[in-house]
Amino acid sequence: MAEQRRKTTLDSGWVAARSSEVHFTGTQLTTTHPPTASTSPWMEALVPGTVLGTLVKNKVVPDPFYGLQNEHIIDIADSGRDHYTFWFFTTFHCKLSSNEYCDLNFRGINYSADVYLNGHEIVLPKGMFRRHSLDVTDILHPDGTNLLAVLVHPPDHPGRIPPEGGQGGDHEIGKDVATQYVEGWDWMAPIRDRNTGIWDEVSISVTGPVKIIDPHLVSTFSDDYKTAYLHTTTELENRSSSTAECSLRVQVTTEIEDSICLVEHLQTQNLSIPAKSRVQYTFPELLFSKPNLWWPNGMGKQSLYNVVISIDIKGFGESDSWSHHFGFRKIESHIDDATGGRLFKVNGEPIFIRGGNWILSDGLLRLSKNRYNTDIKFHADMNFNMIRCWGGGLAERPEFYHYCDYYGVLVWQEFWITGDVDGRGDPVSNPNGPLDHDLFLFCARDTVKLLRNHPSLALWVGGNEQIPPDDINTALKNDLRLHPYFESVGENRKPVGDLSPMSGDPSQYLDGTRIYIQGSMWDGFADGMGNFTDGPYEIQNPEDFFKDSFYNYGFNPEVGSVGMPVAATIRATMPSEGWQIPVFKKRPDGYVEEVPNPIWEYHKYIPYSKPTKVHDQIQLYGAAKDLDDFCLKAQLVNYIQYRALLEGWTSRMWSKYTGVLIWKTQNPWTGLRGQFYDHLLDQTAGFYGCRCAAEPIHIQLNLDSYLIEVVNTTSEELSNVAIEASVWDLEGTRAYYTVHENISLLPKKVAPIAEMKYPKSKNPKPVYFLLLKLYNMSDYRTISRNFYWLHLSGADYKLLEPYREKKIPLEITSKVVMDKFSYNIQMHVTNKSKGPASRSSTFEPNSTARLSDGFYGTHSLETLHFGVGIQQETGVAFFLHFSVHTSKNHLYEEGEDTRILPVHYSDNYFSLVPGETMPINISFEVPQGVTPRVILNGWNYDGGQIIYEVV
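Residues numbered from 1 in each chain as written. Predicted model: local features only at pLDDT ≥ 70, side-chain atom pairs only at ≥ 80, totals over all residues. Heavy atoms only, no water.

Before going further, it helps to examine the side chain of histidine 437. Structurally, histidine 437 can be placed in helix H6 (residues 437-451). Within polar-contact distance, the side chain of histidine 437 engages the side chain of aspartate 471 at 2.7 Å. Setting aside chain neighbours within four positions, we find histidine 437 in contact with Asn432, Pro469, Asp471 and Ile472. (Helix = DSSP H or I, 4+ residues; strand = E, 2+ residues; numbered from the N terminus. Polar contact = N/O pair within 3.5 Å; in protein donor to acceptor, adjacent residues only side chain to side chain. Contact = heavy atoms within 4.5 Å.)

The next point concerns the packing of aromatic side chains. In the structure shown here, the tally under the stated rule is 64 aromatic pairs. Judged by centre distance (6.0 Å) and plane angle (70 degrees), the rings of phenylalanine 384 and phenylalanine 676 are edge-to-face. Here phenylalanine 384, found in the loop between helix H4 (369-381) and strand S24 (386-389), pairs with phenylalanine 676, found in the loop between strand S31 (659-663) and helix H11 (685-693); they are 292 residues apart in sequence, far enough to count as distant. Taking the relative accessible area as the measure of exposure, phenylalanine 676 reaches 0% and is therefore buried. The interplanar angle of 75 degrees and the centroid separation of 6.3 Å between the aromatic rings of tyrosine 602 and tryptophan 669 together place this pair among those described as edge-to-face. With tyrosine 602 in helix H9 (residues 598-602) and tryptophan 669 in the loop between S31 and H11, the pair connects residues that are 67 residues apart, well separated along the chain. The exposure class of tryptophan 669 is buried, given its relative accessible area of 1%. Its guanidinium or amino end placed over the ring of tyrosine 509, arginine 481 lies 5.1 Å from that ring's centre, counting from NZ or CZ. Geometry around tryptophan 579 places arginine 571 over its ring, the cationic atom sitting 5.5 Å from the centre. (Phe/Tyr/Trp six-rings, centres within 6.5 Å; stacked < 30°, edge-to-face > 60°. Buried < 20%, exposed > 50% of the residue type's maximum accessible area, 1.4 Å probe, protein only. Lys NZ or Arg CZ within 6 Å of the ring centre and 35° of its normal.)

With that out of the way, let us pick up the pairing of strand S42 (residues 877-886). Where burial is concerned, most of S42 is hidden: ten out of the ten residues are buried. The sheet contact formed by S42 and strand S44 (residues 910-912) spans two bridges and is antiparallel. Note on S44: the bridge partner recorded for leucine 880 is phenylalanine 910. Two strands pair when backbone bridges link them, and S42 and strand S46 (residues 932-937) are joined in this way by six bridges, in the antiparallel orientation. Directly across from valine 884, in S46, lies its bridge partner valine 934. (Pairing = 2+ DSSP bridges.)

Now for the environment of proline 575. Relative to the helices and strands, proline 575 is located in the loop between helix H8 (567-573) and strand S29 (583-586). Along the chain, proline 575 and leucine 68 lie 507 residues apart, while their C-alpha atoms are 9.0 Å from each other. Discounting chain neighbours no more than four positions away, the residues touching proline 575 are Tyr66, Gly67 and Ile599.

With that out of the way, let us pick up empty space enclosed by the protein. All chains considered together, the criterion is met by nine cavities of 30 Å³ or more. Looking at the second largest cavity, its volume works out to about 140 Å³. Considering the residues around the second largest cavity, the lining is formed by 17 residues, among which Asn297, Gly298, Arg354, Asn385 and Thr713 are closest to the centre. Along the lines of polarity and charge, the residues of the lining of the second largest cavity split into eight nonpolar, six polar and three charged. (1 Å grid on protein atoms, 1.4 Å probe; cavity = no way out; pocket = protein on both sides within 12 Å on 5 of 7 lines; lining within 4 Å. Points joined across faces, edges and corners; volume = space filled by probe spheres on them. Nonpolar A, V, L, I, M, F, W, Y, C, P; charged D, E, K, R; others polar.)

Here's what the structure looks like:
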């Protein structure tokens, strides 16, 4: 994230009140009548945040994400805009020295505001996605104590929610340059205040006479990426009344070891800046020999350099400085001739896109660095390499991009156009986009300047399932035109090569390094022509994802399915009437229709059946008895569904597909569809199905052909590897075993190896387990491991129900490392039941996801045994999963959610065949005063076993 010299963030000490209940003017509030939080109608405010976030924080309104409580909050369409027009007030200290200047900065206000500082009024223009930087030098108090009041007005066109709901309500919000999901969607309830508020960072920054504004950093390469060049252009504003003789410096450092930095480059330029003027300056390019490149997740390291630009003024000293982490990388893409899909390359290497769609972290815009860190790490842990920021949500914040840079997740960033609100829908929405096109373009250009230096940012897209109005689209195409160096090259064309002197420095462009695509279904996405060829969005038969007929285009920007969370999340987010599982209605055609309770329906539950096409996938395991049983079986389905989706796409990597983005990875509220982790940050089993399927090197079973396939998405050839396939029945017998040796795997290829013939064998069991392993023959180290539970054609999984009674002996060795409130628990879980020897019994994961490090303190080594003794049983320990809770020593109310969240697991929802060992790493933080306990559950470990507890 960019950092400015002497910047102070104003994120505490705010109070707020409804404007109709405040009987003073802004001038009075910031001079003679400053408010306090203890005096009604003022309350402690959430800044950054929204009006509704502040009201929820103070329990003035109920939590809109719990049960049906959102229906008890008055909607702005019924209350009028004044009801959600609020004052926000704070104080700050800033005392300037001679020739110093102070800016008051708002990085985002929705939708417009009147700012009062020490009695002076400044009216801010409209637009949710624009920054405001106000020179307040002349109105600061000499003693340094300053009073700030901001009157925030809601969007001009908040709209009304039709009784039947729908995509974007009545679509009026599309007339403003603001988030469009706030009128509700088929995955989201309406946000009652339409996100009115000071929703992004507020700060003050102090500089000398010359200020650095929006530097632009660009990397180019030559000599096959062995040489890199850093191009830098910045704006400089001299606010003084005399010419500034300046020394402008750029310094580039890289961290070589734990806070030890190496200065790679230091360059100083002398220049004069006339009084009261703004100039643009471009540095001579900096050459880097053998630079450390930035790679996406799964392709290599995310190397980041720190670029610092500073300016000294003769007779004053340092006037301003700016810093930003920067990654040397080149992103290209073109429409692939073989597939028709858009094919991305990073640093010249093709990358098969597997990722997800993203709306925003929290529907009430309660955004934080910690939450962003968890969100993006979760995506990296799933081995995803791209996030699409959907057009009805946010232009995401620098903090979001910072963690995408760090974890290597590419970002597709859309502007604020979506078809349901901009030209179609019921009622038909405004066909010409927002009313103020100039405002839209101003916000778009300002967003580009805010985000363009992040290496994770991969492309700009005009809108979701719609293109912007012609004039906006034409302007964006021109503003975001590529510098010639970055123009697309096909497979059969040579790269552009070194920069031409005629093309100019690429850092002088608004962006110039990333493509602009006019809409999410154009130019290499879906059918490429804007027809509705994304989706589908329901449960599927797992084998269908592997069929040629499933999806006909090269890159699907949206394909979605189910997302039921665990039972503890339902209990934590709904009253008891919301704990009722769906009614399963048998239809005459044999299919089952699910009828959810009203609370689930309000929270957009999506069924696990699709009558006429997909039989109920939960009922394959037998009738669900209660909420716990239903949610556990849903996790089984979640795992299979999303693993099959990604494996089906990956099975045709480059031959039919170039990428896929799942709709969607998470919910910005307590929704019940399309998610891999819930709003409370607990993962579903689908999370781990994705994590398995999206490994850089992966072994899988084609569920349509039953061919064993190996996927190598890396740039390295694999040789001297082998495959082991074993089938285990419910009695614990290894019913099938085969090894394929001396295999070589080309880079960026999918290789079918052999058919898994067990279903065609004599007397196959109707339900069985399959374990596939890919390992090195030299040391038997497992490279990829994949575990399936399968049934014969025409059968189901009901035989797994009595298998829950079979207790398998486990041995768990744990090492606990603590640092204050942080825990890192390293476990080895072994299935101690006896079985035939395996060539590779310990799984060493080949994942690129990061485990927590830097822990120190108390270490303990402990070995626990479960299920050993009375009855020695042999078999598969099925669907084991850990969870972390507050210790019993912690006092909590009956029924309280005791989970500690978030938790990062190296794997979860895993199974072990006899004799097999799995290493599991668990890392988390606990609140002060809380001690944790780790619990193990499983299909045949119901009730939970305490693995670790602080006594």
